[in-house]
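# Structural description and commentary
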Amino acid sequence: EAGVAQSPRYKIIEKRQSVAFWCNPISGHATLYWYQQILGQGPKLLIQFQNNGVVDDSQLPKDRFSAERLKGVDSTLKIQPAKLEDSAVYLCASTSAFDPYEQYFGPGTRLTVT
Amino acid sequence: AQSVTQPDIHITVSEGASLELRCNYSYGATPYLFWYVQSPGQGLQLLLKYFSGDTLVQGIKGFEAEFKRSQSSFNLRKPSVHWSDAAEYFCAYNDYKLSFGAGTTVTVRA
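Thresholds applied
- Residues numbered from 1 in each chain as written.
- Chains lettered and ligands numbered in written order.
- Predicted model: local features only at pLDDT ≥ 70, side-chain atom pairs only at ≥ 80, totals over all residues.
- Heavy atoms only, no water.
- Helix = DSSP H or I, 4+ residues; strand = E, 2+ residues; numbered from the N terminus.
- Rg over C-alpha atoms; globule rule 2.2 N^0.38 Å.
- Buried < 20%, exposed > 50% of the residue type's maximum accessible area, 1.4 Å probe, protein only.
- Core = buried A, V, L, I, M, F, W, Y, C linked by side-chain atoms within 4.5 Å.
- Contact = heavy atoms within 4.5 Å.
- Salt bridge = Lys/Arg side-chain N within 4 Å of Asp/Glu carboxyl O.

### Comments concerning the overall build of chain B
Within chain B, the secondary structure is distributed over zero helices and twelve strands. Listed by position from the N terminus, the elements making up chain B come as β-β-β-β-β-β-β-β-β-β-β-β. Here the C-alpha radius of gyration of chain B, 13 Å, is about what a compact globule of 110 residues would show, namely 13 Å. Each principal axis of the C-alpha distribution contributes one length, and for chain B these read about 40 × 25 × 20 Å. Per-residue burial over chain B gives 45% buried out of 110 residues.

Here's what the structure looks like:
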C-alpha cells in the first residue's frame with residue numbers, strides 16, 4: 001500500500017512570495033489533514049477535510065492560508081503572502097473510515113521563508 | 001483546556017539501556033492517547049495507542065506504554081534501546097482532533 005505522498009519536500013522562498021504544497025493521501029482515505037510543525041514543537045492541525053468538505057479549519061490563518069480538496073482525493077495548501085513565521089514543516093495525514101483514529105502521515109514539506 | 005505535556009525536551013541514553021519517556025495529560029474523560037515517532041526528515045509513525053481496557057499497551061519496535069489514570073500519565077518505555085531509536089517522540093491525545101505534545105528528542109550514544 002502506497003503511503004501519503006507530499007511534494008515538494010523542501011522549499012525556500014522570500015517573504016511576501018506565495019507557495020503551494022501538494023498532498024496525495026492513501027487510496028480510499030476519505031479524511032485528510034494538514035498540520036504545521038514549527039521547529040521544536042509538536043504538529044498543529046491547520047485544516048481537516050472529509051472528502052471534499054472542510055470539517056475543521058479553526059486554526060487556519062485564513063488571511064494568508066488556503067486549502068482545497070476539489071475532487072475529494074489530493075489536496076493543495078497555499079500560503080500567500082508568506083511571512084517569516086511560516087517557516088515550518090507542513091505535514092499531510094489521512095485516515096480511513098474503518099479506523100478514523102489512526103492517522104498516516106506523509107514525509108512533510110520543509111518550508112523556509114527568508 | 002485539554003492538553004498533553006512532555007516534561008523532557010531531550011533525553012540521552014546509551015545503546016542497550018532502558019528508555020522511559022514521560023507524558024502527562026489534562027483531560028476530564030479518558031482520552032484516546034497515542035505515541036508517535038518522527039525520525040529525521042520523516043513523517044510521524046504511530047508506535048501505539050490506548051483507547052480503553054488493558055492499561056499496558058504494546059506497540060511496534062518493542063515499545064510499550066502504560067496508562068495510569070491516577071497520575072494522568074501515559075509513559076512510553078523500551079527495555080533495550082537500539083541506535084535506530086534515535087528520533088523525536090510525540091505523545092498525543094484525540095478528543096475530536098489530534099493534539100500533540102511538544103516532543104522529546106532521544107539521542108542514543110554508543
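Further notes follow.
### Digging into the nonpolar core
In terms of nonpolar packing, the biggest core is built from 26 residues, with Trp35, Leu48, Leu76 and Tyr89 of chain B touching the most fellow members. Contributions of two or more residues to this core are made by strand 2 (10–14), strand 3 (19–21), strand 5 (32–38), strand 6 (44–50), strand 8 (64–68), strand 9 (73–78), strand 10 (87–94) and strand 12 (104–109) of chain B. Take this core: its biggest share by element is four residues, from strand 10 of chain B. Residues in contact with Leu48 of chain B, not counting those within four places in the same chain, are Leu33, Phe34, Trp35, Val57, Gln58, Gly59, Phe63, Glu64, Ala65, Phe74 and Leu76 of chain B. Counting 21 residues, the second largest nonpolar core, distinct from the first, contains Ile13, Cys23, Tyr90 and Leu111 of chain A.

### What about the pattern of salt bridges?
By the definition in use, this model includes eight salt bridges over all chains. Between Arg64 of chain A and Asp86 of chain A there is a salt bridge, with the nearest N and O atoms lying 2.5 Å from each other. Placement of the pair is Arg64 of chain A in the loop between strand 6 (53–56) and strand 7 (65–68) and Asp86 of chain A in the loop between strand 8 (75–79) and strand 9 (88–95), with a sequence separation of 22 residues. Overall, Arg64 of chain A belongs to the buried group, its relative accessible area being 11%. One salt bridge connects Lys49 of chain B with Glu102 of chain A, and the closest N-O pair in it is separated by 3.3 Å. With Lys49 of chain B in strand 6 and Glu102 of chain A in the loop between strand 9 and strand 10 (104–105), the pair connects residues from two separate chains. Salt bridges sharing partners connect three or more residues here, namely Asp99 and Glu102 of chain A together with Lys49 of chain B.

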